[in-house]
Amino acid sequence: MSLSGMRGLSVFISDVRNCHNKEQERLRVDKELGNIRTRFKNERGLSPYEKKKYVWKMLYIHMLGYDVDFGHMETVSLISAPKYPEKQVGYIVTSCLLNENNDFLRMVINTVRNDIIGRNETYQCLALTMVGNIGGKEFSESLAPDVQKLLISSSCRPVVRKKAALCLLRLYRKNPDVVNIDGWSDRMAQLLDERDLGVLTSVMSLFVSLVSNNAEAYWNCLPKCVRILERMARNQDIPQEYTYYGIPSPWLQVKAMRALQYFPTIEDPSARRALFEVLQRILMGTDVVKNVNKNNASHAVLFEALALVMHLDAEKEMMSQCVALLGKFIAVREPNIRYLGLENMSRMLLVTDVQDIIKRHQAQIITSLKDPDISIRRRALDLLYGMCDVTNAKEIVEELLQYLNTAEFAMREELALKAAILAEKFAPDLSWYVDVILQLIDKAGDFVSDDIWYRVVQFVTNNEDLQPYAAAKAREYLDKPALHETMVKVSAYLLGEYGHLLARRPGCSPKELFTIINDRLPTVSTSTIAIILSSYAKILLHTQPPDAGLQQQILAIFKKYQLTLSALMICHLLFVEGFFTLALYFRHESYIDVEIQQRAVEYFELSKKGAALADVLAEMPKFPERESALLKKAEDAEVDTAEQSAIKLRSQQQTSSALVLADQPPVNGSAPAANHLTLVKMPSQNIAEESNVIHEETALEAPKENGAPVEVESKVEILSETAAESKVVPPTSHSPSQADLLADLLGPLAIEGPPAAVEQNPVQGLEANESPIGDLALATLEDQSNSVQPIVNVEEKFHILCTKDSGVLYEDPNIQIGLKAEWRAHHGRLILFLGNKNTSPIVSMRALILPPSHFKVELSSVPDTIPPRAQVQIPVEFTNLRASRDVAVLDFSYNHGTVPVNAKLRLPVVLHKFLQPVTLTPEEFFPQWKAWTVQSLKLQEVVKGVRPLPLPEMANLFLSLHLAVTPGLDTNPNNMVACGTFFSEATHTMLCLVRVETDPQDRTQLRLTVASGDQYLTFELKEYIKEHLIDLPRTRVSSPPAPQQPQLPPAAPATYNDPGAMLAGLL
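Residues numbered from 1 in each chain as written. Predicted model: local features only at pLDDT ≥ 70, side-chain atom pairs only at ≥ 80, totals over all residues. Heavy atoms only, no water.

A. Region of interest: the overall build of the protein. Helices and strands together make up the secondary structure of the protein, namely 44 helices and 22 strands. Buried residues in the protein amount to 53% of all 1067 residues. Put simply, of all contacts in the protein between residues at least 6 apart along the chain, 70% involve residues at least 24 apart. (Helix = DSSP H or I, 4+ residues; strand = E, 2+ residues; numbered from the N terminus. Buried < 20%, exposed > 50% of the residue type's maximum accessible area, 1.4 Å probe, protein only. Contact = heavy atoms within 4.5 Å.)

Below, the structure is given as structure tokens:
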């Protein structure tokens, strides 16, 4: 490949290297591309030397990162050249410039095939290399048989067979049908007897890929792999060129051991014995040396051997030896070896009866938390989290709290969450648990999520013996000069609920509690002010005998934060009349936040009712039994790696003897034991439900940032307002994000199976949650009357995934289905993540895709059973044949116990997933727009009933549909032009042009014009855009109407932005 004879190419490369900036380089490249384009137009005058030189220049320009969108025909034609130099250039540049979907490749399939079946070994290697680099289904269908013949041929040289094996591997990954399982089992057994280690290493790569898809078909190859490992271990017949720093072919050893891990077990006693001898020799013969390259090779073999030992469930003696070896590795100075030692020790947690052995190295693992490398610190944290149990929880959590002071910000959130989980699961007593959570909030308040302090409030509320201790600790923290706002929330809440239990202690009188909380009031945000106002109301209630001075102070604060009608009217009128200074004065004198305003008004009025205040502001009732969702939150945030799988397995195998969730309180009202924790129920925050409904004891709620809890899951009964168990005046609004957070926190985790209440009455549960499953989300192909209902809004999840490429598609109490997608031209690849949320397996799993006619779908095999707390991945390949608005449907079913569940879900493979935004200049746009004069290629429609969107929002809408809005193409500022490229197998790459003409006087109608080179694409795209422009109503399941209550006026609406509307709401 010498370039010394190509003076023009050498000069061009020298010119590019001598450019001083990117702009000079771009100008030089553009000049050269223009010259090449001009010369290629006169192809008859080009000599083979010149064509080869220009193709080399195109490759160099491509390597610099510039687009080379011409000259492909000239490049491909060089493959058919009779001479080696031209043919070599053609193969190399084609494999670099073209991908598997390029139409020019079809022209050279016969030439490539002739080179493969020919007798020129050099041409065979060139052809195999190009086919292996490009791949593609057309190559696999046309050339795979010839490649297989080369691989099994005994007359071919090893260099050709090596390339044939790797080429066949690439074709198999693209199209598994190229390898016939029935015939290839015996062929693969023969290939594994190969003596040439180069061919054997390439064949082993192919074998690993084959057994990963179907290990059952290759049982006859298992003894061959063991024999290969024996040969490597004994260093028998190993050429010197395949010995790497004294290690016989480490790559072949790693691949052979990885292939063995795909077989469930080894039943042959002699093969099992021989394999364990090899593994024992690897474990005994590996040590840390100064040579880095030798370390890398030997440790690659060692760690693969450790994975095989765990897979085969070896004897405890060998497991102990593995742990001891890893313990030696985590103590060395080399960071890579320490990292691998910690990672593989985490994997060892998968094996039973090994945790006690790993505990011997706990001190060294804790030392790794202080390592300068953050990746090592993360692995040490994961390992400590996975190996923690009742015996060492206190020591590990205390170390994590100490490390929290010096940990970098990137780790603090994960560190705080895991420390909270360990404290909850393995606490020796309840007071220690409260101490840990309060220390977490104090040291890392910015990184402690709300669900952590929600949990400590639940536990304190549900254990009466714990309440005085928690209130006293909250009182101590308020004495600190600097305090995080989350600690202010927790302390204010606890002192408001249980501060009266400390009344006889010095410094804890109601007036002193009020004073110390009130000192924090000017420095906190709105959400904390809401909790503090509730605490003031509770303090006022529990002050016995009443303190007139304290009452006046609290009422003055309530009055300060309420926006009186007169102040609001004056403020609004002054703004209208233009007296902004006076308006700002009135606005400053009153509090404009609607929620705080309503809370202050209602507390002020309730304080005048005397004895009635005790009924309204009584202590919170207890929560029903529920399992914490903190563990689920941690699992969702983790990467699905081997060490994380070990941690998940440990979390479901270990049982805590400390924080046991207690049963329901006995009927006689006796307090629960001090060493039991129960969850707490708190009243709903929804104003309409507070006035009209009562939530039964199956409800599950948590305190919200604004001071009142939000209901997550409940059963609802319509009762009168006088019977409602409302203990705190509810706020008027809550954000969806907080509701989602609490739903994730307190939703049923199915540790002991789905809640019976949900299964018995799913419709009622849906109404209580106000999260109906729309008809547009679940495919209405047939009646889906399941006893298990989704716990998420499936319609909403579908629409979210239409604009995103990853997220949750479906979730019920037993299973969660996640989705991750990637798109390339007219091909799409979806990976469905099916996760079992229970501790019992999901059986009779079935999933199939019901595709419309415009899709070609390939669904991988679906396992019949999903183990407890496990996740399986199901790849789905989509090929878009033509434009259509129809979507594919996932039909899945499973059995949980004896309960069959079936659902049909729309998959978010929609039309704009195959669109790519493109920006055109006026010189490119207008000729194309005028060229499409046929009526069917350019459709125009006046669309009425459009959502009145400003032009920037409409531009964002088109961008979400993968259509690029190009300003300046239309001279009318009220119009908009968007462009995109649509990919399908029928049209390949098709340009789409869209024009929107709006009327500034009437935003509810517009004229939409869509043009493309395909009439079906034009129609489908026009209708698709029209669907997104029109505000279509969606079917929703509404709660039963609540009876009107004459006792109190209706609550003010939750959100008002206009003062006049706010005034009207108050009136």
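Continuing now.
B. Just the nonpolar core, in detail. Counting residues in hydrophobic clusters, the biggest one holds 223 residues, and the most contacted among them are Met188, Leu192, Phe207, Tyr218, Ile365, Leu533 and Tyr536. Excluding residues within four positions of it along the chain, tyrosine 536 makes contact with Phe514, Ile517, Asn518, Leu521, Ile554, Ile557 and Phe558. Grouped together as the second largest cluster of nonpolar side chains are 66 residues, Val788, Val794, Tyr810 and Leu951 included. (Core = buried A, V, L, I, M, F, W, Y, C linked by side-chain atoms within 4.5 Å.)

C. Broad picture of the environment of glutamine 402. Looking at the secondary structure, you find glutamine 402 in helix H21 (residues 393–404). Taking C-alpha positions, glutamine 402 is 9.5 Å from lysine 443, a pair spaced 41 residues apart along the chain.

D. The arrangement of the environment of aspartate 15 in detail. Here aspartate 15 shows up in helix H1 (residues 7–17). Placed 13 residues apart in sequence, aspartate 15 and arginine 28 show a C-alpha to C-alpha distance of 7.7 Å.

E. Here's a closer look at the sheet that holds strand E16 (residues 899–906). One open sheet accounts for 3 strands, arranged E12-E15-E16; its pairing is antiparallel. Each edge of the open sheet carries a strand with a single partner, namely strand E12 (843–850) and E16. Neighbour-to-neighbour, the strand axes of this sheet turn through a mean angle of 10 degrees, independent of strand direction. In the sheet, strand E15 (residues 889–896) pairs with E16 via 8 bridges, with the strands oriented antiparallel. Across the sheet, the residue bridging to asparagine 895 is proline 900, located in E16. (Pairing = 2+ DSSP bridges. Axes fitted to C-alpha atoms, helices over the stretch in contact; angles between N-to-C directions.)

F. A look at the sheet that holds strand E10 (residues 815–824). Spatially, the 5 strands line up as an open sheet ordered E9-E10-E11-E14-E13, and their pairing is antiparallel. Two strands close off the open sheet at either side, each with one partner strand: strand E9 (806–811) and strand E13 (855–859). Taken pair by pair, the neighbouring strands of this sheet meet at an average axis angle of 25 degrees, ignoring direction. Here E10 runs beside strand E11 (residues 827–836); their pairing, made up of 10 bridges, is antiparallel. Looking at E11, one finds that glutamine 816 is bridged to glycine 835.

G. Expanded view of the packing of aromatic side chains. In total, this model carries 19 aromatic pairs according to the counting rule given. Judged by centre distance (4.8 Å) and plane angle (80 degrees), the ring pair of tyrosine 244 and tyrosine 245 falls under edge-to-face. Overall, the relative accessible area of 27% leaves tyrosine 244 in the partly exposed class. Taking the centre distance of 5.1 Å and the plane angle of 70 degrees together, the rings of tyrosine 433 and phenylalanine 459 count as edge-to-face. One end of the pair, tyrosine 433, is in helix H23 (residues 430–443); the other, phenylalanine 459, is in helix H24 (residues 450–462), and 26 residues separate them in sequence. The two residues tyrosine 433 and phenylalanine 459 agree in class, both being buried. (Phe/Tyr/Trp six-rings, centres within 6.5 Å; stacked < 30°, edge-to-face > 60°.)

H. Geometry of helix H15 (residues 292–312). For H15, which comprises 21 residues, the first-to-last C-alpha distance of 30 Å matches the rise-based estimate of 30 Å (1.5 Å per residue) to within 8%. With 15 of 21 residues buried, H15 is to be regarded as a mostly interior element. Aspartate 313 sits one or two positions beyond H15 and adopts a positive phi of about 55 degrees. (Expected span 1.5 Å × (residues − 1).)

I. Region of interest: the packing of H23 against H24. At a minimum axis distance of 11 Å, the contact between H23 and H24 shows a crossing angle of 150 degrees. Regarding the angle of H23 to H24, the classification is roughly antiparallel. You can see that H23 and H24 cross each other, and the crossing is left-handed. Facing Tyr433, Val434, Ile437 and Ile441 of H23, the residues of H24 in contact are Ile452, Trp453, Arg455, Val456, Phe459 and Val460. Of the residues contributing to the contact of H23 with H24, the split by class is 9 nonpolar, no polar and 1 charged. (Parallel < 35°, antiparallel > 145°, perpendicular 65-115°, else oblique. Left-handed = near helix turned anticlockwise from the far one by under 90°. Nonpolar A, V, L, I, M, F, W, Y, C, P; charged D, E, K, R; others polar.)

J. Layout of the pattern of salt bridges. Scanning the entire structure with this criterion turns up 49 salt bridges. Across the pair glutamate 414 and arginine 378 runs a salt bridge whose closest N-O atoms are separated by 3.0 Å. Of this pair, glutamate 414 sits in helix H22 (residues 409–426) while arginine 378 is found in helix H20 (residues 374–387), placing the two residues 36 residues apart along the sequence. On the basis of relative accessible area, glutamate 414 is assigned to the partly exposed category, the value being 23%. (Salt bridge = Lys/Arg side-chain N within 4 Å of Asp/Glu carboxyl O.)

K. Looking closely at helix H12 (residues 222–234). Look at H12: 19 Å from first C-alpha to last across 13 residues, which is about the 18 Å you get at 1.5 Å a residue. Every buried residue of H12 is accounted for by Leu222, Lys224, Cys225, Val226, Ile228, Leu229, Glu230, Arg231 and Met232. At the C-terminal side of H12, asparagine 235 shows a positive phi close to 60 degrees.

L. Spatial organisation of the pairing of strand E14 (residues 871–880). In this structure, E11 lies alongside E14, joined through 9 bridges in antiparallel fashion. Each bridged residue has a counterpart across the sheet, and for leucine 832 the counterpart in E14 is isoleucine 874. Judged from the 5 bridges that link them, E13 and E14 form a sheet pairing that is antiparallel. From the neighbouring strand, leucine 859 faces E14, where its bridge partner is valine 876.

M. Focus on the packing of helix H3 (residues 48–63) against helix H5 (residues 84–97). The interhelical angle for the contact between H3 and H5, taken along N-to-C directions, is 25 degrees, at an axis separation of 10 Å. In terms of their interaxial angle, H3 and H5 are classed as roughly parallel. Both H3 and H5 take part in a crossing whose hand is left-handed. When H3 is examined against H5, the residues Pro48, Lys52, Val55, Trp56, Met58, Leu59 and His62 are found in contact with a partner set consisting of Pro85, Glu86, Val89, Ile92, Val93, Cys96 and Leu97.

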